[in-house]
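Reading the structure
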Amino acid sequence: MMKQHLLPILTNVQVSERYWHMTIDTSNMNERIEPGQFFHIRCSDNAFPFLRRPFSIYRINREEDTIEFLYLVKGEGTKDLTKKKPGETADLLGPLGYGFKLDPGFDEILLTARGVGIATLAALAQEAGRKGVRCTAILSARSKNDLLAAETLQDFGAEVHHVTEEEETSGVESVESQMRDIIERKDVNALYTCGSRRLSRLNQRLAAEYGLPGEIALEEQMGCAMGACFACVCDLEEEGKHRSVRVCLEGPVFPLEKVVIS
Amino acid sequence: MIAQRKMGISIGSLTLPNPVMPASGAFGPEMHEALDFNQIGAIVPKSITKHPQPGNDTPRVCETYAGMINSIGIQSKGLDAYLAKTIPEFSAYDVPLISSISAESIDEFVEMSDVLGNHPDIDALELNISCPNLKGDGHAFGMDADVTYELMQRVRKVTDIPLIAKLTPNVTSIQEIAKAADAGGADALTVANTMLAMAIDTESRKPMVGNVMGGLSGPAVKPIMVRMIYQTAQVTDLPIIGCGGVMNGNDAIEMIIAGASAVQVGTASFITPTALTDVIEEIREYMDRHDIMDINDLTGTVEI
């Protein structure tokens, strides 16, 4: 729903060298929020940076009426967002887009996430935990420090494997053998991925080979996030033809096999 | 008692209920969830091309100081899809519909204007003469006064509905182009499209948008647009639609004082989806505060 919300910030803290975590009070928001959806957030009130930035939802706490964001401080927008204090207001547009589909028939899913893509899949792990779907996650990052914020996936009952550049364990071959092992050993029903082109291609290849369904959450620079500006486009392959779609409107979650990874 | 302020403006034979409309490319049917389309001055859908075209490589937008560079590349589903889907979708609203046309040659402008300019649901055409003339030298039509004149004159012959020429600011003298469009039969001028711009990521040394260069919009360009509106108003009596960096009612009023009859809102809608109706409300407040009964009385009232 393209609706602007001004909501109270409950916490906004640094959790590792490059990552911050923010909690928002959503008790005044009626829309239902699904894992994989995102909010377009105004990071500052200044003339620069003034465009909103898209943030996927890290945790959805329905009982407490809060949502959480785990964000990588990368540019001017996210830098300004760290300056927001508890008690201040966050300007959010959303929830936007379509989230993940967790088929009721699934017993076992495998998530592969890279970098800040981990935040996107964390909400899915939370949902899987709630629905009693067993979940294994391979989390890839530059450093162990970047993975500090990922510990929360274990709280949801997920089995978590870490790979990093620092430890030279994040290469595609190494992740592939881990994925194969998990898929075969656990009889995985579906694959989900976010955050890396290389891992996305790997997921597409393994999904095809094992005949598994899957979904991918795309990250793209956005203008309006309302489908008007056509900034965040990607191609889907459907029946042998390419079709351009807007990530903000028709995604950000798409069927794994359809997305043309550029 | 609240005074009845007159906000309607005229573009040729067309009357708009108020002077605020979207800038083409910054407005889409999906925004109805956030914005009441029936409250705005006119609907201006994204520019349409004759044939479907895919648009430019991503990234297609980047932010610069108080501005945004876009290189979308007029991603378009083509004229047939526009007639079948876009027009019916927007005609459901109770405000004038202005079709923005982009074409690769004068012949193509004429051909498309013949179709759209004689369509019962379309109230005016905005000719995006800022796009490159592929049959000419690749320069935008609107960079050459003679080409602008010829284009307007030929389109004028195939339709009777109001024609708005959307001028490019990337010219030495916008007055020369404005005069040519006027002489060629334009009913109004949009001043102006985005400014050609470029930004580079210093870490990767790569251009910030996929197409290397793009169009700058937002508050950064507003003083340039105010200047161009003022200059244009000195050489033509045509109504001017100000465009470029209108973020609030005060920006709109500034353009009106400079010589505009109406304004378009683009980038602001990306930040606040209700920007269009907010601007209308803020214009009304200004009229109340300054006791202006008719918005047309404010046009071109800059005191030099």
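Residues numbered from 1 in each chain as written. Chains lettered and ligands numbered in written order. Predicted model: local features only at pLDDT ≥ 70, side-chain atom pairs only at ≥ 80, totals over all residues. Heavy atoms only, no water.

1. Thoughts on the environment of M287 of chain B
Residues and elements named next belong to chain B. The line we're drawing: For the purposes of this entry, the term helix denotes a DSSP run of H or I that reaches at least four residues, the term strand denotes a run of E that reaches at least two, and both are numbered from the N terminus. Here, two residues are considered to be in contact whenever any of their heavy atoms come within 4.5 Å of each other.
Mapped onto the elements of the fold, M287 is located in helix α8 (residues 275-289). As a C-alpha pair, M287 and L276 span eleven residues in sequence and 17 Å in three-dimensional space. Setting aside its immediate chain neighbours within four residues, M287 contacts R5, K6, M7, I292, M293, D294 and I295.

2. Considering the interface of chain B and chain A
Accessible area lost when the parts come together is the quantity often used to give the size of an interface. Let me state the cut-off plainly: As used here, buried area is the combined drop in accessible area, with a 1.4 Å probe, of two parts when they are placed together. We define a salt bridge as a side-chain nitrogen of Lys or Arg found within 4 Å of a carboxyl oxygen belonging to Asp or Glu. In this classification, the charged set is Asp, Glu, Lys and Arg, the nonpolar set is Ala, Val, Leu, Ile, Met, Phe, Trp, Tyr, Cys and Pro, and all remaining amino acids, among them Gly, are polar.
Taken together, the contact between chain B and chain A spans 29 residues of the former and 27 residues of the latter. Both sides together, the interface formed by chain B and chain A hides about 2400 Å², and carbon and sulfur atoms give 65% of it. The largest per-residue losses of area from chain B upon contact with chain A belong to E63, F270 and I271 of chain B, which jointly make up 28% of the total buried on that side. Between the two partners, chain B and chain A, sit two salt bridges. With a shortest N-O distance of 2.8 Å, R53 of chain A and E63 of chain B are connected by a salt bridge. At four residues, helix α7 (residues 267-271) of chain B tops the list of elements feeding residues into the side of chain B that touches chain A. Its residues placed into classes, the side of chain B that touches chain A shows 15 nonpolar, nine polar and five charged.

3. Examining the sheet that holds strand β10 (residues 195-197) of chain B
Each strand in a sheet pairs with another by means of backbone hydrogen bonds, the pair being arranged parallel or else antiparallel. Residues and elements named next belong to chain B. What counts is decided by this rule: Two strands qualify as a pair provided that DSSP identifies no fewer than 2 bridges between them. Only the stretch in contact is used when fitting a helix axis, every axis being a line fitted to C-alpha atoms; angles between N-to-C directions are given from 0 to 180 degrees.
The strand order β4-β5-β13-β10 describes an open sheet built from four strands, whose pairing is antiparallel. Either end of the sheet is taken by a strand with one partner, and the two such strands are β4 (61-64) and β10. The mean inter-strand angle of the sheet, taken between neighbouring strand axes irrespective of direction, is 35 degrees. Sheet topology places strand β5 (residues 67-70) next to strand β13 (residues 214-217); three bridges connect them, and they run antiparallel. Across the sheet, residue N70 finds its bridge partner in β13, namely G215.

4. Details of the packing of helix α1 (residues 78-91) of chain B against helix α2 (residues 106-116) of chain B
The angle between the axes and the distance between the axes are what describe a pair of packed helices. Residues and elements named next belong to chain B. We apply this condition: With respect to orientation, any angle under 35 degrees is reported as roughly parallel, any angle over 145 as roughly antiparallel, any angle of 65 to 115 as roughly perpendicular, and every other angle as oblique. If you view the pair so one helix is near and one far, a crossing is left-handed when the near helix is turned anticlockwise from the far one by less than a right angle, and right-handed when it is turned clockwise.
Look at α1 against α2: their axes get within 12 Å of each other, and the N-to-C directions meet at 15 degrees. Taken together, α1 and α2 sit at an angle that is classed as roughly parallel. Two packed elements cross with a definite hand, and for α1 against α2 that hand is right-handed. Two secondary-structure elements touch here, α1 through L79, Y82 and L83 and α2 through M112, V115 and L116. Of the residues that constitute the contact of α1 with α2, the class distribution is six nonpolar, no polar and no charged.

5. Some points on the domain arrangement of chain A
All names here are of chain A. How we decide: The start and end points of each domain follow an automatic or database-based domain assignment. Pairing of N or O atoms within 3.5 Å defines a polar contact, subject to two protein rules: one partner must be a possible hydrogen donor and the other a possible acceptor, and residues neighboring in sequence count only if both atoms are side-chain atoms.
Domain assignment breaks chain A into domain 1 (4-96), domain 2 (108-217) and domain 3 (220-262). Just the C-alpha atoms count here: the centres of domain 1 and domain 3 sit 23 Å apart. Taken together, the six residues of domain 1 in the interface contact nine residues of domain 3. Both sides of the domain 1 and domain 3 interface together cover about 580 Å² of buried area, and 71% of this is carbon and sulfur. Taken together, the links from domain 1 to domain 3 amount to zero salt bridges. Taken together, the connections running from domain 1 to domain 3 amount to one residue pair in polar contact (both at pLDDT 80 or more). Counting residues per element, the ones that place at least two in the side of domain 1 that touches domain 3 are β3 (38-42) and β7 (89-96). When the residues that make up the side of domain 1 that touches domain 3 are grouped by side-chain class, the tally is four nonpolar, two polar and no charged.

6. Here we look at the packing of aromatic side chains
Residue and element names in this part refer to chain A. For clarity, the cut-off: Aromatic contacts are taken between Phe, Tyr and Trp rings whose centres are within 6.5 Å, Trp giving its six-membered ring; a plane angle under 30 degrees counts as stacked, one over 60 as edge-to-face, and the others as tilted.
Within the structure shown, the criterion is met by ten aromatic pairs over all chains. On the basis of an interplanar angle of 85 degrees and a centroid distance of 5.8 Å, the ring pair of F55 and Y71 is categorised as edge-to-face. With F55 in strand β4 (residues 53-56) and Y71 in strand β6 (residues 66-72), this residue pair connects regions lying 16 residues apart in the sequence. Through a chain of ring-to-ring contacts, three or more aromatic side chains come together here, namely F39, F55, F69 and Y71.

7. Side note on the UniProt feature "binding site: FMN" (unreviewed entry) in chain B
All names here are of chain B. As a reminder of what qualifies: UniProt positions are given in the numbering used here, feature names are shortened, and annotations may be inferred rather than shown by experiment. Note on exposure labels: buried denotes an accessible area under 20% of the residue type's maximum, exposed denotes more than 50%, and partly exposed covers the range between, all computed with a 1.4 Å probe on protein chains only.
What UniProt calls "binding site: FMN" (unreviewed entry) maps, in this numbering, to S24, K46, S47, N128, K166, G218, G244, G245, G266 and T267. For G218, a relative accessible area of 0% puts it in the buried group. Setting aside residues up to four positions removed in sequence, G218 forms contacts with A66, G67, G244, G245 and T267. Mapped onto the elements, G245 comes out in the loop between β14 (240-243) and α6 (249-258).

8. A look at the pattern of salt bridges
Counted by the stated rule, this structure contains 34 salt bridges over all chains. Across the salt bridge formed by D107 of chain B and R154 of chain B, the nearest N and O atoms sit 2.9 Å from each other. Here the residue D107 of chain B occupies a position in helix α2, and R154 of chain B occupies one in helix α3 (residues 145-156), the gap between them amounting to 47 residues. Judged by relative accessible area, which is 46%, D107 of chain B ranks as partly exposed. Overlapping salt bridges, with partners in common, bring together R32, E34, R62, E127, R130 and K131 of chain A in one network.

9. Structural notes on the UniProt feature "binding site: FAD" (unreviewed entry) in chain A
All names here are of chain A. Here the UniProt feature "binding site: FAD" (unreviewed entry) sits at R53, P54, F55, S56, G77 and T78. For S56, the location among the structural elements is in strand β4. Residues contacting S56, with those up to four places away along its chain left out, are Q37, F38, F69, A119 and T120. Polar contacts involving the side chain of S56 include one to the side chain of T120, which spans 2.8 Å. Mapped onto the elements of the fold, G77 is located in helix α1 (residues 76-81).

10. Re the UniProt feature "domain: FAD-binding FR-type" (unreviewed entry) in chain A
Per the UniProt record, "domain: FAD-binding FR-type" (unreviewed entry) is found at residues 2-102 of chain A. For the annotated span residues 2-102 of chain A, helix accounts for 6% and strand for 45% of the residues, and the straight-line distance between the end C-alpha atoms is 24 Å.

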